[in-house]
Amino acid sequence: MEWIDGTSLNAENAFKVRLSIRTALGDKAYVWDTNEEYLFRAMVAFSMRKVPSREATEISHVLLCNVTQRVSFWFVVTDPSRNHTLPAVEVQSAIRMNRNRINNAFFLNDRTLEFLRIPSTLAPPMDPSVPIWIIVFGVIFCIVIVATALLVLSGIRHRRRNNKGLPGLDDAEDKCENTITVENGIPCDPLDTKGGHINDGFLTEDERLTPL
Amino acid sequence: KGPGVHRRAEGFVCCRAREKARPKWGNPMQFLLICVSYAVGLGNVWRFPYLCQMYGGGSFLVPYIIMLIVEGMPLLYLELAVGQRMRQGSIGAWRTISPYLSGVGIASLVVSFLVSVYYNVINTWAVWYLFHSFQDPLPWSVCPLNGNRTGYDEECEKASSTQYFWYRKTLNISPSIQENGNVQWESALCLTLAWLIVYLCILRGTESTGKVVYFTASLPYCVLIIYLVRGLTLHGATNGLVYMFTPKIKELANPKAWINAATQIFFSLGLGCGGLIAFASYNEPSNNCQKHAIIVSIINSSTAIFSCIVTFSIYGFKATFNYENCLNKVILLLTNSFDLEDGFLTASNLEEVKDYLASTYPSKYSEVFPHIRNCSLESELNTAVQGTGLAFIVYTEAIKNMEVSQLWSVLYFFMLLTLGMGSMVGTGTAILTPLTDSKVISSYLPKEAISGLVCLVNCAIGMLFTMEAGNYWFDIFNDYAATLSLLLIVLVETIAVCYVYGLKRFESDLQAMTGHALNWYWKAMWAFVSPVLIVGLFIFYLSDYILTGTLQYQAWDATQGHVVTKDYPPYALAVIGLLVASSTMCIPLVALGTFVKRHFRKK
């Protein structure tokens, strides 16, 4: 890789940039030309100037090369003497600090304007102090508890009223209240037209011997 | 009321100690709805589509419908008729048929109990996902970030965000069944809530259950219809439907297709658990249970087929989405490696450009080539999944890509919850009816206390499934608690009614009770065809267990991000044996006990 004005190459301080303008903007995609490159160099210089020891960085210190159709290219930042390139770590941290500004200048985001080897800080997920599911759980839980308590209490009250009233007459009236079914193993068929003459159950020896 | 007085007058003749009327359903519709609610459960939604996919798509419907007519309807009618005739829960009903056979009722009770212990865990998960659906974005649609926020969590990257949410956030699953881990407090809370809801529905017996089933039986259909409309309008849905309904006729020759159709019909109707007998026992004796049996079995199977259509349109959408994603990844890879112009490479010119690049830059292309995945829509559609994997991984993956995904998610998990609750309420009634019928228990405790105690015990045991290894134990219960036992129970039931009680006697009872004569078709099925079929299924299951040798399970490997197969340790095999034995042994043991008791009493 040759640099335009012959500055010594230092590939480990160079970063590859990749833009996907058509993916991001579709029909509104702009053409990548030398003016856009100028803007890019300006943004990189701006980021470097924010680093405490590098306030003197100029646009001319940012060099681009190997621009492809993709659009992708390599860039490197040199020091004012143009003799060597700035260390990758500095460039990396500067870009990371100002990533949002750089993205916005080009209407792109972290995914469509990629700096290879410069990982972007991902947005932290929204973390409410109380997880939402616990709130929903609490509401439903309270409703169910209240409904259960109401049903149980009304059942107890009904049974107490029945016991205080006439105990013998309630079985026929209550079709489906809290009746407790007591049975002796022989089904009772109210439509059994043969009356009591046939015992439909399977007779055991005991029952045959027990007098009615 | 007439019957009350009439009963008391002849009370001393035919039922000496009966004091109070048996509770009844408010109207026959409630009975129909609870049968539908019990039968239509999660199996219709997550097992039937899988079977359909595995065994030939549209052609699977042939064995399925044949088995429905030959096996499902007769056995369902038999159980309903027994319950309506004997007017007691499972234990009392079989004791009436023959005291030696009350073990059948006890076995049904044990199976229902085991099922209720593990089934409510599914409702727990549905509740968990339902409560998490009220967030934007949905928690299973994005991976959480790693420690220094430069990338995503490693396990999530290797698997997918939906798998990560299921295995790590919901289950917090351990690498193997031996490592039990702690009880997860979030799951424990949801389990408690699920049991409270079940208690609320069954605590008043038929009075409350009868009203709840209007809701649990109808809501799943509303949601399924909404999903059908949404599903059919999704991009790529037709791919899934075409794939499913293309019949692969040669699968009809596969015996496994027929066996799976038979087992699906059998287990899907809930036969042998005592639930159907319990529901029918609360009927009016003149109720036409033949008509209800046919209606319920047809509704059950139609629901399965209907949900199959919905599932396959969702599959089609998901497969198309993944396929297009895969293509986009390949396009991006090629664009970046060869610095092609952004937007130049599309799905349509991909192949020709690949050939061009291979010929123009052979060395560079051969470097990139191993990373190019072969994207195939067919292979995406081929991933057949059943069970919790379908409901909580595949469906959630499809939902997260829909617009307004929170709404679809809430609807879907609400539907799962009502399906599960409907079956749980039925199972709860199956357990409670014999308990409340028994003189001993109901004289000490009121109905609310018995229900409360049952729910409490089940909830306490269910905490086992909220531990880190809980899902592995869940799979054990799901696969072994009910399968063999139910086959044996229903076989004994059929033989008992036909040969011990006497088919002619049962026929005349039914005629006196309902007023209709018994069709020859039912008699032929009950006496010959169904027992033979069940024996066949039984032999198949046993030979399958014996031939596979040691039993294995799927364990989640967090380091690799997918499941691996492992062998069960000896104590897990012992638990499996115990599960099967605890219900099947009831039948011979009780018969033996009754015989011994009689023998000593004679002396």
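Residues numbered from 1 in each chain as written. Chains lettered and ligands numbered in written order. Predicted model: local features only at pLDDT ≥ 70, side-chain atom pairs only at ≥ 80, totals over all residues. Heavy atoms only, no water.

### Some points on the overall build of chain B
- Along chain B, the regular secondary structure elements total 28 helices and two strands.
- Taken over the C-alpha trace, chain B has a radius of gyration of 27 Å; the compact-globule value for 603 residues is 25 Å, and the two agree within 12%.
- Along the first, second and third principal axes, the C-alpha atoms of chain B reach 100 × 50 × 50 Å.
- Looking at chain B as a whole, 60% of its 603 residues are labelled buried.
- In chain B, once contacts between residues fewer than 6 apart in sequence are set aside, the share between residues at least 24 apart is 82%.
- Just so you have it, chain B exposes about 23600 Å², and 65% of that area is on carbon and sulfur atoms.
- Of the charged side chains in chain B, 40 are positive and 37 negative; the average position of the first set lies 20 Å away from that of the second. (Helix = DSSP H or I, 4+ residues; strand = E, 2+ residues; numbered from the N terminus. Rg over C-alpha atoms; globule rule 2.2 N^0.38 Å. Buried < 20%, exposed > 50% of the residue type's maximum accessible area, 1.4 Å probe, protein only. Contact = heavy atoms within 4.5 Å. Areas by Shrake-Rupley, 256 points an atom, 1.4 Å probe, with all protein chains shown as cover. Lys, Arg positive; Asp, Glu negative; His and termini not counted. Charge placed at Lys NZ, Arg CZ, Asp CG, Glu CD.)

### Thoughts on the UniProt feature "binding site: Na(+) 2" (unreviewed entry) in chain B
Residue and element names in this part refer to chain B.
- With numbering matched to this structure, UniProt assigns "binding site: Na(+) 2" (unreviewed entry) to Asn44.
- Examined against the element boundaries, Asn44 turns out to sit in helix α4 (residues 42-46).
- Given a relative accessible area of 1%, Asn44 falls into the buried group.
- Residue contacts for Asn44: discarding those within four places in its chain leaves Ala39, Pro49, Ser268, Asn300, Thr303, Ala304 and Ser307.
- Within the structure, Asn44 has its side chain in polar contact with the backbone nitrogen of Gly41 (distance 3.1 Å). (UniProt positions renumbered as here; feature names shortened; annotations may be inferred. Polar contact = N/O pair within 3.5 Å; in protein donor to acceptor, adjacent residues only side chain to side chain.)

### Things to note about the sheet that holds strand β4 (residues 113-115) of chain A
All names here are of chain A.
- Taken in spatial order, the four strands make up an open sheet running β2-β3-β1-β4, and their pairing is antiparallel. Of all strands in the sheet, those bounded by a partner on one side alone are β2 (62-65) and β4. Ignoring which end each strand starts from, the neighbouring axes of this sheet average 25° apart.
- Summarising the sheet, strand β1 (residues 15-19) and β4 pair through three bridges and their orientation is antiparallel. Paired with Arg18 across the bridge in β4 is Glu114. (Pairing = 2+ DSSP bridges. Axes fitted to C-alpha atoms, helices over the stretch in contact; angles between N-to-C directions.)

### Describing the packing of aromatic side chains
Residues and elements named next belong to chain B.
- Enumeration over the complete set of coordinates arrives at 57 aromatic pairs over all chains.
- When the ring of Tyr38 is compared with that of Phe279, the centres are 5.3 Å apart and the planes differ by 90°; the resulting orientation is edge-to-face. Taken as a pair, Tyr38 in helix α3 (residues 28-39) and Phe279 in helix α15 (residues 275-281) lie far apart in primary sequence, 241 residues in all. No difference in accessibility class separates Tyr38 from Phe279, as the two residues are buried.
- Ring centres of Trp166 and Phe392 lie 4.8 Å apart, and the angle between their planes is 5°; on these two criteria the pair is classed as stacked. Of this pair, Trp166 sits in helix α10 (residues 161-170) while Phe392 sits in helix α20 (residues 388-400); the two residues are 226 residues apart in sequence, bridging distant segments of the chain. Each member of the pair, Trp166 as well as Phe392, is classed as buried.
- Its end group placed over the ring of Tyr243, Lys248 keeps NZ or CZ at 4.9 Å from the ring centre.
- The lysine or arginine in question, Arg598, covers the ring of Tyr100, its NZ or CZ lying 5.5 Å from the ring centre. (Phe/Tyr/Trp six-rings, centres within 6.5 Å; stacked < 30°, edge-to-face > 60°. Lys NZ or Arg CZ within 6 Å of the ring centre and 35° of its normal.)

### Here we look at helix α7 (residues 90-97) of chain B
All names here are of chain B.
- Burial of α7 is extensive: seven of the eight residues sit out of reach of the surface.
- Listing the buried residues of α7 in full gives Ser90, Ile91, Gly92, Ala93, Trp94, Thr96 and Ile97.
- Tucked into the core, α7 has its buried residues touching α6 (61-86), α8 (102-131), α15, α21 (405-437) and α25 (483-514).

### Notes on the pairing of strand β1 (residues 552-557) of chain B
All names here are of chain B.
- Relative to strand β2 (residues 562-567), β1 runs antiparallel, the two being bridged by six bridges. What sits directly across from Trp556, in β2, is Val563.
- Here β1 folds back onto β2, and the loop between the two strands holds four residues, one of which, Gly561, carries a positive phi near 80°.

### Re the state of the cysteines
Residue and element names in this part refer to chain B.
- Under the counting rule described, the total for this entry stands at two disulfides over all chains.
- Between the sulfur atoms of Cys143 and its disulfide mate Cys156 the distance is 1.9 Å. When the S-S torsion is -85°, as for the bridge of Cys143 with Cys156, the disulfide is left-handed. Placement of Cys143 in the loop between α8 and α9 (154-158) and of Cys156 in helix α9 is noted, with a sequence separation of 13 residues between them.
- Each disulfide in chain B links cysteines that, numbered along the sequence, combine into the pattern 1-2, 3-4.
- Unpaired in this structure, Cys222 has its nearest cysteine sulfur neighbour in Cys201, at a distance of 17 Å. (Disulfide = S-S within 2.5 Å.)

### Some remarks on α3 of chain B
All names here are of chain B.
- Its 12 residues place the ends of α3 17 Å apart at the C-alpha level, agreeing with the 16 Å of an ideal helix rising 1.5 Å per residue.
- For α3, a buried count of 10 out of 12 residues is recorded, marking the element as mostly surrounded by other parts of the structure.
- The complete set of buried residues in α3 reads Gln30, Phe31, Leu32, Leu33, Ile34, Cys35, Val36, Ser37, Tyr38 and Ala39. (Expected span 1.5 Å × (residues − 1).)

### Examining the packing of helix α11 (residues 185-202) of chain B against helix α23 (residues 447-462) of chain B
All names here are of chain B.
- Closest axis-to-axis distance for the α11/α23 pair is 10 Å, and the angle between their directions is 160°. It follows that α11 is roughly antiparallel to α23 by the angle criterion. Of the two elements, α11 crosses α23, and the hand of that crossing is right-handed. Across from Leu191, Thr192, Trp195, Tyr199 and Ile202 in α11, the residues of α23 making contact are Glu448, Ser451, Gly452, Cys455, Asn458, Cys459 and Gly462.
- Looking at the contact of α11 with α23 residue by residue, the class counts come to six nonpolar, five polar and one charged. (Parallel < 35°, antiparallel > 145°, perpendicular 65-115°, else oblique. Left-handed = near helix turned anticlockwise from the far one by under 90°. Nonpolar A, V, L, I, M, F, W, Y, C, P; charged D, E, K, R; others polar.)

### With respect to the confidence of the model for chain A
- Averaged over all residues, the pLDDT of chain A is 76; the fraction at 70 or higher stands at 72%.
- A low-confidence stretch, residues 168-183 of chain A (pLDDT under 50), is modelled with 49 contacts involving residues beyond four sequence positions or located in other chains. (pLDDT = per-residue confidence, 0-100.)

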